[in-house]
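What the coordinates show
Each chain, letter by letter, is given below.
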Amino acid sequence: MDAHAIKVKLESFDPAPITTTTDTVFIDLTSDSDDDQPNNTSRPRVSGELTNSSSSTASIAPLIRKQFWKAGDYEGRPSNSNWCVTSDGMEHLRVHPKFLHSNATSHKWALGAFAELLDNALDEVRNGATCVNIDMVESNKCGKMLLIEDNGGGMDPDKMRQCMSLGYSAKSKLADTIGQYGNGFKTSTMRLGADVIVFSRCRGERGERPTQSIGLLSYTFLTSTCKEDIVVPMLDYEREGSDWKKMMRSTSDDWNLNLNTIVQWSPFFSEKDLLRQFTLMTDHGTRIIIYNLWEDDQGLLELDFEADKHDIQIRGVNRDEKSIQTANRYPNSRHFLTYHHSLRSYVSILYLRIPPGFRIILRGQDVVHHNIVNDMMMREEVTYRPQQGTEGFSCSVDMVAIVTIGFVKDAASHIDVQGFNVYHKNRLIKPFWRLWNSAGSDGRGVIGLLEADFVEPAHDKQGFERTTVLAKLEGRLIAMQKTYWRKHCHKIGYAPRHSAQTDEGVPKETSSQQPGKQCDTFNMHTSKLGSRSVQNHPQGLSDKTGQPSVSESTLRMLDQLRKENSTLKERLKKKEDGPISDLRGEVEAEREKGRSLEAELLKGKKKIEDLNKEQESLIDIFSEERDRRDAEMQHLKQKLKHTSKTIQELVDKAAQLETKTPR
């Protein structure tokens, strides 16, 4: 397996995007006799279960561990082999199959793995992709499987090998692409299932012939055969006229070894079954089939395909039945309450913008794109740009974000929905990021959205790298939420919150205090100041009674402090009455609006009554006219009948006269 079986090396390249063609495509593993294969124009068979050409129901050898988090307990056979020295005289690092599992553990959340594969499909828009399809299919050999396909440019044999390798990424040099690290395909497919087989057809560029390739990355194969390196069997074909010819990279024995390995460890039974997958494409595209899906501790598939026939959901702790019921009652909060367990809900908010005409199809139904700004009321926009200086970084024109913040439309019901959807280069990194964790109900109902391209995402794209820039952004978002909440919370039924502001660097947002306590503190301060003034007054100054006298300057100071105290009391009273006055004004405005609507309603009712009367009058007129016309029609019919009778009589008389007249 030297030529076609790749030993993955630690270099730097990204998986080329995955692709496929039809609107909703189903895998068909059925194989007819060896006579005719369906041509490219035939439609795939829609089926709930897929059968195979062989009458045998042989299955792939199961993994010892069927749970993802336990599948890394594989050591392989004891290594007695010598480390190889390559032709350049240097040793290359080897990658143990166990690395595939440990590398995939970066995805703590299974739906995040789907997002990686969708990123690849969206990146292929530049190569003509118009849709990506995600579906569940079944085979007798492997049971339930995942199908992910789009109709982008496909991969030639070299790109297929880069896709199966680690760290290769050409996308990091391209603008407007999401993939960066060359690791997403491996981690995402491994997180969803133990094995993946890829079919890709490339139409050829710069005069090259069209090619099609098959690659198998199977953890089951590697562990069951006790491999100590990551071995990836592959097959390549190129078009000659209307036929596809094998591309031999070494010997025919190597080719057959790769073919037999793929057939044995894949959901297919023969080369013909493998090639049938390409008939579901046009001249370009890629189909990814993930099988041996992971199970939970109860022996059920981690992914739930039965709860909703048009969705893929997660079982277990991510699924909260109470949240699902709440989402049915409060539709504007549905995405917050369901994205944890529903792929359809998560994918609908996964991208800030969808390219025109691009479709994401999940189990036969299009995913409807959703922007949470449409779920907000009392929206405000805040421009955020990190300040240069203390942060330890230089600020550029690109380091700016427009933050849209508001109450979710269900906020008046006081459900605990809050957080910011933070996007990076159009991709959602932190869904409903909760930053302000108050002890009480403060912050409830406030949601926000921003695109922060200046913050670097982590490798799993489910969080950001911990940097000074991120810390400053967190602090500013918390301040925005607090300010917005204290400004508007009384409008949705919460008690007003007060904030104190000073002019000398004291934070603008402080906890509220009762006015009386503030006044008492101020009076205490004044009395202490007066006491110090009397104590520090020279002893030689006294009145005629022998009592110490107070200087005029001290009296003036006390008088000034009393005036300031009175002014502060008035300001505090105005601040206390301000929200109430605003609320009363709003209530009165609503009442006025209600009275206006009531008057309009009365006018509308009167107008309807007039129209009804007019309609009744018209009906009476039409009825009378109809009766008159019916009577006239009856009269004309009688006259016509009488006239016809008269004519007949005249004809008869004329005939009699003719017979009596001699000739």
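No experiment lies behind these values; they were computed from the predicted model shown. (Residues numbered from 1 in each chain as written. Predicted model: local features only at pLDDT ≥ 70, side-chain atom pairs only at ≥ 80, totals over all residues. Heavy atoms only, no water.)

Within the protein one finds 13 helices and 18 strands. Relative to its 663 residues, the protein shows a buried fraction of 43%. In the protein, of all internal contacts separated by at least 6 residues, the share reaching a separation of at least 24 is 72%. When the accessible surface of the protein is totalled, it reaches about 36,300 Å², and 51% of it is carbon and sulfur. (Helix = DSSP H or I, 4+ residues; strand = E, 2+ residues; numbered from the N terminus. Buried < 20%, exposed > 50% of the residue type's maximum accessible area, 1.4 Å probe, protein only. Contact = heavy atoms within 4.5 Å. Areas by Shrake-Rupley, 256 points an atom, 1.4 Å probe, with all protein chains shown as cover.)

A rise of 1.5 Å per residue sets the reference length of helix H2 (residues 110-123), with its 14 residues, at 20 Å; its end C-alpha atoms lie 21 Å apart and thus fit the reference within 8%. Most of H2 is tucked away, with 14 of its 14 residues classed as buried. (Expected span 1.5 Å × (residues − 1).)

The full count for this structure, using the stated rule, is 13 aromatic pairs. With 5.7 Å between their ring centres and 50° between their planes, Phe221 and Trp265 make a pair best called tilted. On the criterion of sequence distance, the pair formed by Phe221 in helix H5 (residues 219-224) and Trp265 in helix H6 (residues 252-265) is long-range, its members being 44 residues apart. A relative accessible area of 8% means that Trp265 is categorised as buried. (Phe/Tyr/Trp six-rings, centres within 6.5 Å; stacked < 30°, edge-to-face > 60°.)

For the rest of this paragraph, the subject is the sheet that holds strand E12 (residues 359-362). The 9 strands are arranged E8-E7-E5-E4-E9-E3-E2-E12-E13 in an open sheet whose pairing can be described as mixed. Each edge of the open sheet carries a strand with a single partner, namely strand E8 (243-246) and strand E13 (365-366). As judged from the 5 bridges shared by strand E5 (residues 211-218) and strand E7 (residues 234-240), these two strands associate in the antiparallel manner. Across the sheet, Ser213 pairs through a bridge with Asp236, a residue of E7. The sheet strands contacting H2 are strand E2 (131-139), strand E3 (143-150), strand E9 (285-293) and E12, and the helix crosses E2 at an angle near 130°. (Pairing = 2+ DSSP bridges. Axes fitted to C-alpha atoms, helices over the stretch in contact; angles between N-to-C directions.)

A few words now on the confidence of the model for the protein. Per-chain confidence: the protein averages 78 in pLDDT, with 73% of residues scoring 70 or above. Counting contacts from residues 1-57, a segment whose pLDDT is below 50, to residues more than four positions away or on other chains yields 206 contacts. The low-confidence segment residues 500-548 (pLDDT under 50) makes 41 contacts with residues lying over four places distant or belonging to another chain. (pLDDT = per-residue confidence, 0-100.)

With that out of the way, let us pick up the environment of Tyr346. Mapped onto the secondary structure, Tyr346 falls in helix H10 (residues 343-348). As a C-alpha pair, Tyr346 and Ala115 span 231 residues in sequence and 9.0 Å in three-dimensional space. When near neighbours in sequence (up to four residues on either side) are disregarded, Tyr346 contacts Trp109, Leu111, Ala115, Tyr339, Arg427, Leu428 and Gln462.

Attention now moves to a nonpolar patch on the surface. A cluster of nonpolar residues, Leu618, Ile621 and Phe622, forms a patch on the protein surface that exposes about 300 Å² of accessible area. Relative to the elements of secondary structure, Phe622 occurs in helix H13 (residues 552-660). (Patch = residues over 30% accessible without salt bridge, like charges linked within 9 Å, V, L, I, M, F, W, Y side chains within 5 Å. Salt bridge = Lys/Arg side-chain N within 4 Å of Asp/Glu carboxyl O.)

Mapping Met248 onto the fold places it in the loop between E8 and H6. Taking the C-alpha atoms as reference, Met248 lies 8.8 Å from Leu235; in sequence the two are 13 residues apart.

Turning to the pattern of salt bridges, a few remarks are in order. Applying the stated criterion to the full structure yields 28 salt bridges. Notably, a salt bridge pairs Glu240 with Lys245, separated by 3.5 Å at the nearest N-O pair. Classification of Glu240 as partly exposed rests on a relative accessible area of 35%. The shortest N-O distance in the salt bridge between Glu306 and Arg315 comes to 3.8 Å. By relative accessible area, Glu306 is classed as exposed at 52%.

Our next topic: unusual backbone geometry. The backbone of Cys226 shows a phi angle near 55°, a positive value even though the residue is not glycine. Checked against the element boundaries, Cys226 lands in the loop between H5 and strand E6 (231-232). Looking at Cys226, the relative accessible area reads 27%, which means it is partly exposed. Look at His414: it is not a glycine, yet its phi comes out positive at around 60°. Structurally, His414 is set in the loop between strand E15 (401-408) and strand E16 (419-424).

As a further point, take the nonpolar core. Counting residues in each nonpolar core, the largest one holds 125 residues, and the members touching the most others are Leu146, Ile197 and Leu274. Broken down by element, the residue count for this core peaks at 9 residues, all from H2. Shared between two domains, this core holds at least three residues of each, these being domain 1 (97-294) and domain 2 (372-388 + 397-491). Ignoring any residue separated from it by four or fewer positions in sequence, one finds Leu274 in contact with Ile197, Phe199, Ile214, Leu235, Leu259, Ile262, Val263, Ser266 and Phe268. (Core = buried A, V, L, I, M, F, W, Y, C linked by side-chain atoms within 4.5 Å. Domains from an automatic or database assignment.)

Spatial ordering of the open sheet is given by E14-E15-E18-E16-E17, a layout of 5 strands whose pairing is mixed. The sheet terminates laterally at strand E14 (376-384) and strand E17 (427-433), the two strands that pair on one side only. Geometrically, the sheet is characterised by an average inter-axis angle of 15° between neighbouring strands, direction not taken into account. By the bridge criterion, 5 bridges tie E16 to strand E18 (residues 446-451) in an arrangement that is parallel. If you follow Val422 over to E18, its bridge partner there is Leu450. Contacts from helix H11 (residues 468-488) reach E14, E15, E16, E17 and E18, with the element oriented near 140° to E14.

Our focus in this paragraph is the side chain of His488. Here His488 is to be found in helix H11. Owing to a relative accessible area of 6%, His488 belongs among the buried residues under this scheme. There is a polar contact of 2.8 Å between the side chain of His488 and the side chain of Glu380. Not counting residues up to four positions away in its chain, the partners in contact with His488 are Glu380 and Phe407. (Polar contact = N/O pair within 3.5 Å; in protein donor to acceptor, adjacent residues only side chain to side chain.)

Turning to a negative patch on the surface, a few remarks are in order. Residues Glu616, Asp620, Glu624, Asp627 and Asp630 make up a contiguous surface patch of negative charge. Tracing the backbone through its elements, the reader meets Asp620 in helix H13. You can call Asp620 partly exposed: its relative accessible area is 46%. (Lys, Arg positive; Asp, Glu negative; His and termini not counted. Charge placed at Lys NZ, Arg CZ, Asp CG, Glu CD.)

Below, the discussion takes up the packing of H2 against helix H4 (residues 184-192). At a closest axis distance of 8 Å, the pairing of H2 and H4 adopts a crossing angle of 140°. Considering the angle they form, H2 stands oblique to H4. By crossing handedness, the relation of H2 to H4 is classed as left-handed. Residues Ala110, Ala113, Phe114, Glu116, Leu117 and Asn120 of H2 pack against Gly184, Phe185, Ser188, Thr189, Arg191 and Leu192 of H4. A class-by-class count of the residues in the contact of H2 with H4 yields 6 nonpolar, 4 polar and 2 charged. (Parallel < 35°, antiparallel > 145°, perpendicular 65-115°, else oblique. Left-handed = near helix turned anticlockwise from the far one by under 90°. Nonpolar A, V, L, I, M, F, W, Y, C, P; charged D, E, K, R; others polar.)

Another aspect to go through is the environment of Thr286. Here Thr286 is to be found in strand E9. Through-space distance from the C-alpha of Thr286 to that of Gly154 is 5.6 Å; in sequence the pair is 132 residues apart. For Thr286, the side chain forms a polar contact with the side chain of Ser200, separated by 2.7 Å.

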